[in-house]
Amino acid sequence: MLGELLHNVNIITALVFILVFMLVYHGTRVPSYIPPYPKPVLPMFGNLLYLANRDILLCFRKLRAQYGNIFSFYMGSQLVVVLNGYITIKEALVKYGRVFSDRPINFLTEELFQGSGLVFTSGEKWKEHRRFVMNALQELGFGRSSFEENIIQEAEELVNIFDEQNGQPFQIKGGVNTCVANVVAQIIFGQRFKHTDPHFREFLSILEHATKTMSNTSVAVNCFPFLQYFPGDPLKMKLIKEHVKKVVQWYKDMHQEHKSTYKEGAERDFIDLYITEARRQGQNGQLSTFTDTQLYFSIGDLISAGSDTTANTIQWTLLYFLHFPEIQRKCFQEIEQVVGRERLPNLQDKEHLPYLEATILEVLRLCPAAPLALPHSLSEDFIFRGYRISKGTTVLINLESVLRDPSSFKDPERFFPERYLDADGHLIKPKEHIPFSIGRRMCLGENVARMELFLFLAVLIQSFEFHPVQGESLPELNGILGITYSPKSFLIRAMRRK
Ligand code: HEM
């Protein structure tokens, strides 16, 4: 009995000794010239236990208060640096943009995206494709008047969907997501899909599942990739791969269809422009990066980055209207005065609707679609503000720290569109208003997004007055931070204006 007890005590002592040794070893091994980080750093887990199940933005606020504008944490054994505040972020992304504009290479991006697409590539390949996509968006999107008509058509479709609810409580998410996805689909595939189209619905639902699964498991996948070999698919990698395979097959079919009807000089959409560029480079005998795989992952990136972000912002605006009916009323009054009720709003009205514009700016500030941007990484070892950061280190850009900084936005927690209007009612946008990020990696769909937000919201506000569900408490203004920042699901009533 006593022997067994002593034996158990010895094992426990040995385990405690090993743990203390690893903590001390890890603590001393960490170089002192990296940005400060919360302790303790546990072997294998790093600071994950500290961050797990907490509001990550709130944690970052606390860490910023403790350590200043540059701090770090360990995600497993990997160091992640977090940059805060406008001046620090601008210095990194603009002044040293050459160094800070890579994306991290990790298990998930390599395994799933095969180093292709726009969002997770770096270096020369990324530069070439980013340039190509920006030109394509200019040519097919905000550079074409038909693009405005396409958006208005989708906004009208959304009005029809809302009308079908007859003022009863409903969730707007599905309708908004489909209409917004259709805007990007028109740029890429040159066609809009009926909301009832079973293929389009299946495609959107797979995309949503894949994004949700990825956002739930991405940290575990990147920190502990060996878990993928455990039985039962704990990281859901098999499931995610199946999802990716299905959506890529959809893009492949579209590509094939395009090739059979393609006419050089009469490019209809993004896929056609891509075919032209791939052929041009092929004819020149260039070793081209315009491969089929690159096309499929670029399409995927445009749809993912261009749909949820804009759709969430529209949802957030209507959710804020439930809490701030007075602001909703002012937006409508402005539309009624400038546009009236006889015709639909268009882009020429934009400059005459500063209150609506200010409201959109305020929603983008308080509910930025990507409050931590997308992860950046360094293209070389670099000393930044006295800290040494190694090549390949993941850097998070805390846009939220800028957008809610009291030194740039007085009373930052307040929803207050008037902050963007001068004494004459003209719109003023502070330079710190950066929900689309800044520098070389900043959102390349910003112009498209701004057009969409304005037109969708102007048409919806002209048509409906939004109300909460009677007798129930107002839906929360706290959202969920996954790959994008989205509101928790909520019910709303859309009452047709008389
Ligand atoms: C409200 C709408 C949107 C917001 C707030 C938003 C915001 C952002 C942010 C913060 C980033 C990361 C920048 C960085 O890493 O520093 C980003 C990247 C990106 N966005 Fe958007 N975005 C929106 C809509 C769109 C749309 C409509 C498209 C396409 C049509 C788009 C395409 C992209 C792409 C492709 C990237 C990756 C750029 C790169 O890595 O070079 N976004 N966006």
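Cut-offs used in this document
Residues numbered from 1 in each chain as written. Predicted model: local features only at pLDDT ≥ 70, side-chain atom pairs only at ≥ 80, totals over all residues. Helix = DSSP H or I, 4+ residues; strand = E, 2+ residues; numbered from the N terminus. Rg over C-alpha atoms; globule rule 2.2 N^0.38 Å. Buried ≥ 20, exposed ≤ 12 C-beta atoms within 10 Å, placed from the backbone. Contact = placed C-beta atoms within 7 Å. Near = placed C-beta within 6 Å. Axes fitted to C-alpha atoms, helices over the stretch in contact; angles between N-to-C directions. Parallel < 35°, antiparallel > 145°, perpendicular 65-115°, else oblique. Nonpolar A, V, L, I, M, F, W, Y, C, P; charged D, E, K, R; others polar. Core = buried A, V, L, I, M, F, W, Y, C linked by C-beta atoms within 7 Å. Left-handed = near helix turned anticlockwise from the far one by under 90°. pLDDT = per-residue confidence, 0-100. UniProt positions renumbered as here; feature names shortened; annotations may be inferred. Pairing = 2+ DSSP bridges.

Participant: Looking at this model, I keep getting lost on the overall build of the chain. Mind explaining?
Facilitator: The number of helices and strands found in the chain is 17 helices and 10 strands. Its C-alpha atoms give the chain a radius of gyration of 25 Å, within 12% of the compact-globule value 23 Å for 498 residues. With respect to the principal axes defined by its C-alpha atoms, the chain has extents near 90 × 60 × 50 Å. Counting across all 498 residues of the chain, residues that qualify as buried make up 38%. Considering only contacts within the chain whose residues lie at least 6 apart along the sequence, 73% involve residues at least 24 apart.

Participant: Please explain the site of the ligand as it appears in this structure.
Facilitator: Surrounding the ligand, one finds 27 residues, the nearest of these being Ala305, Gly306, Ser437, Cys443 and Gly445. Counting residues per element, the ones that place at least two in the shell around the ligand are α13 (292-323) and α17 (446-463). Of the residues forming the shell around the ligand, the biggest block, 7 residues, is contributed by α13.

Participant: What's the story with the packing of helix α14 (residues 325-338) against α17 in this structure? I'm lost.
Facilitator: The relative placement of two packed helices is expressed as an angle between their axes plus a distance between the axes. The interhelical angle for the contact between α14 and α17, taken along N-to-C directions, is 95°, at an axis separation of 9 Å. One way to sum up the angle between α14 and α17 is to call them roughly perpendicular. Of α17, the residues touching α14 (which contributes Cys331, Phe332 and Ile335) are Ala458, Ile461 and Gln462. Its residues assigned to classes, the contact of α14 with α17 comprises 5 nonpolar, 1 polar and no charged.

Participant: Just checking my understanding: could you explain the nonpolar core for this structure?
Facilitator: The tendency in soluble globular proteins is for nonpolar side chains to be buried as a group. Within the largest apolar cluster, 116 residues are counted, with the highest numbers of intra-cluster contacts made by Ile188, Phe456, Leu457, Ala458 and Leu460. Tallying contributions element by element places α13 first for this core, with 14 residues. Residues contacting Ile188, with those up to four places away along its chain left out, are Asp269, Phe270, Ile271, Ile299 and Leu302.

Participant: Can you help me understand the packing of helix α11 (residues 237-261) against α13 in this one?
Facilitator: Relative orientation of the contacting elements α11 and α13 amounts to 115°, with a least axis distance of 10 Å. Classed by the angle they form, the pair α11 and α13 counts as roughly perpendicular. Considering only the axes of α11 and α13, their crossing is right-handed. Contacts from Val247, Val248, Tyr251, Lys252 and His255 of α11 reach α13 at Asp292, Leu295, Tyr296, Ile299 and Gly300. Considered class by class, the residues forming the contact of α11 with α13 number 6 nonpolar, 2 polar and 2 charged.

Participant: Could you clarify how one ought to interpret the confidence of the model for the chain in this entry?
Facilitator: Any region with low pLDDT has predicted coordinates that should not be read closely. Considering every residue of the chain, the mean pLDDT works out to 90; 93% of them sit at 70 or more. Reported confidence for the predicted complex is 0.99 by ipTM and 0.91 by pTM.

Participant: Can you walk me through the environment of Met134 in this structure?
Facilitator: With respect to the helices, strands and loops of the structure, Met134 is situated in helix α7 (residues 123-140). According to the C-beta neighbour criterion, Met134 is partly exposed, with 13 such atoms within 10 Å. Between the alpha carbons of Met134 and Leu444 there is a distance of 6.5 Å; along the sequence they are 310 residues apart.

Participant: Can you walk me through the UniProt feature "binding site: heme" (unreviewed entry) in the chain in this structure?
Facilitator: Here the UniProt-annotated "binding site: heme" (unreviewed entry) positions come out as Cys443. One can find Cys443 in the loop between α16 (399-403) and α17. Apart from residues lying up to four places away in sequence, Cys443 is in contact with Phe436 and Ser437.

Participant: Hey, could you run me through the sheet that holds strand β6 (residues 394-397) in this one?
Facilitator: The strands making up a sheet are joined through hydrogen bonds of the backbone, oriented either antiparallel or parallel. What the 4 strands build is an open sheet, ordered β1-β2-β6-β3; its pairing is mixed. Both outer strands of the open sheet, β1 (70-75) and β3 (376-377), are each paired with one neighbouring strand and no more. The sheet contact formed by strand β2 (residues 78-83) and β6 spans 4 bridges and is parallel. Considered in β6, the bridge of Val80 is made with Thr394. Contacts from helix α4 (residues 86-95) reach β1, β2 and β6 within the one sheet, and its direction differs from that of β2 by about 115°.

Participant: Honestly, unusual backbone geometry in this entry has me stumped. Any pointers?
Facilitator: With the exception of glycine, the majority of residues adopt a negative phi angle, and the majority of peptide bonds are in the trans configuration. Here Lys39 and Pro40 are connected by a cis peptide whose omega angle stands at 5°. In this structure, Asn166 takes a positive phi of about 50° despite not being glycine. Relative to the helices and strands, Asn166 resides in the loop between α8 (145-163) and α9 (173-189).

Participant: Can you walk me through the environment of Leu42 in this structure?
Facilitator: Tracing the chain through its elements places Leu42 in the loop between α1 (2-29) and α2 (48-51). Under the C-beta neighbour-count criterion, Leu42 is labelled partly exposed, with 17 such atoms within 10 Å. Distance in space between the C-alpha atoms of Leu42 and Gly76 is 8.3 Å, their sequence separation being 34 residues.

Participant: I tried to follow the pairing of β1 on my own but got confused; where do I start?
Facilitator: Successive side chains on a regular strand alternate, one facing one side of the sheet and the next facing the other. Across the 6 residues that make up β1, a large majority, 5, are buried. Of the pairings in the sheet, the one linking β1 to β2 comprises 6 bridges and is antiparallel in character. Residue pairing across strands places Tyr74 opposite Leu79, the latter belonging to β2. Counted between consecutive antiparallel strands, the loop separating β1 from β2 contains 2 residues, among which Gly76 sits at a positive phi close to 65°.

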